[in-house]
Amino acid sequence: MSTCRWRGVPLAVRCVVAVAVLVFAYGTAVHVVQLLLPQFGPQLALPGWLTFYFTSLTLWDPLAALLLAARRVQGLVLACAVLVTDAAANGYANYVLDPAVGVTPGRIGQAVITALAVGFVALSPWLAPWFIGSGGRSGATAQTRRRS
């Protein structure tokens, strides 16, 4: 994340966004590996639409990471959409399509994605004012905005 672009943004906001960028970078790597090396992909036969969705994450994950790092409000929206839909898609794959009972690695992963989705969606209203294009504090510090 560029120092200039993030000047005046509180450290807590920077840290949350940095973690989100790392999560999306990790997701990108996972989906690219699964695409290039199918033996590391899902062991279930997935419907075509679900396979298409998981494959599309090789585009959406890095785009969300780049937009978040660039401090674009579109990054917040895309990040929330990707995390929520990824949690739902993994939930469908792991609880509807997977006949296994009990705890599985896929269900643990789905729980982690769901927690990330809930956390990021909950933090988005707090993050949004610090993003360019949100009509918030994008160009001014918090103190300057509070005085106006």
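Look up a bit, the structure's there.
Residues numbered from 1 in each chain as written. Predicted model: local features only at pLDDT ≥ 70, side-chain atom pairs only at ≥ 80, totals over all residues. Heavy atoms only, no water.

1. Some remarks on unusual backbone geometry
So, step 1. Despite not being glycine, Arg71 has its phi angle at roughly 65°, a positive value.
So, step 2. Examined against the element boundaries, Arg71 turns out to sit in the loop between helix H2 (48-69) and helix H3 (73-97). (Helix = DSSP H or I, 4+ residues; strand = E, 2+ residues; numbered from the N terminus.)

2. A few points about the nonpolar core
So, step 1. Residues Val17, Phe24, Leu68 and Phe120 are the most contacted members of the largest nonpolar core, which totals 30 residues.
So, step 2. Mapped by element, the contributors of at least two residues to this core are helix H1 (11-36), H2, H3 and helix H4 (105-127).
So, step 3. The greatest single-element share of this core, amounting to nine residues, is contributed by H3. (Core = buried A, V, L, I, M, F, W, Y, C linked by side-chain atoms within 4.5 Å. Buried < 20%, exposed > 50% of the residue type's maximum accessible area, 1.4 Å probe, protein only.)

3. With respect to the environment of Trp126
So, step 1. Tracing the backbone through its elements, the reader meets Trp126 in helix H4.
So, step 2. Overall, the relative accessible area of 39% leaves Trp126 in the partly exposed class.
So, step 3. Spatially, the C-alpha atom of Trp126 lies 8.5 Å from that of Val13, the residues being 113 residues apart in sequence.

4. A short note on the packing of H1 against H2
So, step 1. Where H1 contacts H2, the axes come no closer than 8 Å and their chain directions differ by 155°. By the angle between their axes, H1 is roughly antiparallel relative to H2. H1 and H2 meet at a crossing whose hand is left-handed. Across from Val17, Ala20, Val21, Phe24, Gly27, Thr28, His31, Val32 and Leu35 in H1, the residues of H2 making contact are Phe54, Thr55, Leu57, Thr58, Asp61, Pro62, Ala64, Ala65, Leu68 and Ala69.
So, step 2. Across the contact of H1 with H2, the residue classes tally to 13 nonpolar, five polar and one charged. (Axes fitted to C-alpha atoms, helices over the stretch in contact; angles between N-to-C directions. Parallel < 35°, antiparallel > 145°, perpendicular 65-115°, else oblique. Left-handed = near helix turned anticlockwise from the far one by under 90°. Contact = heavy atoms within 4.5 Å. Nonpolar A, V, L, I, M, F, W, Y, C, P; charged D, E, K, R; others polar.)

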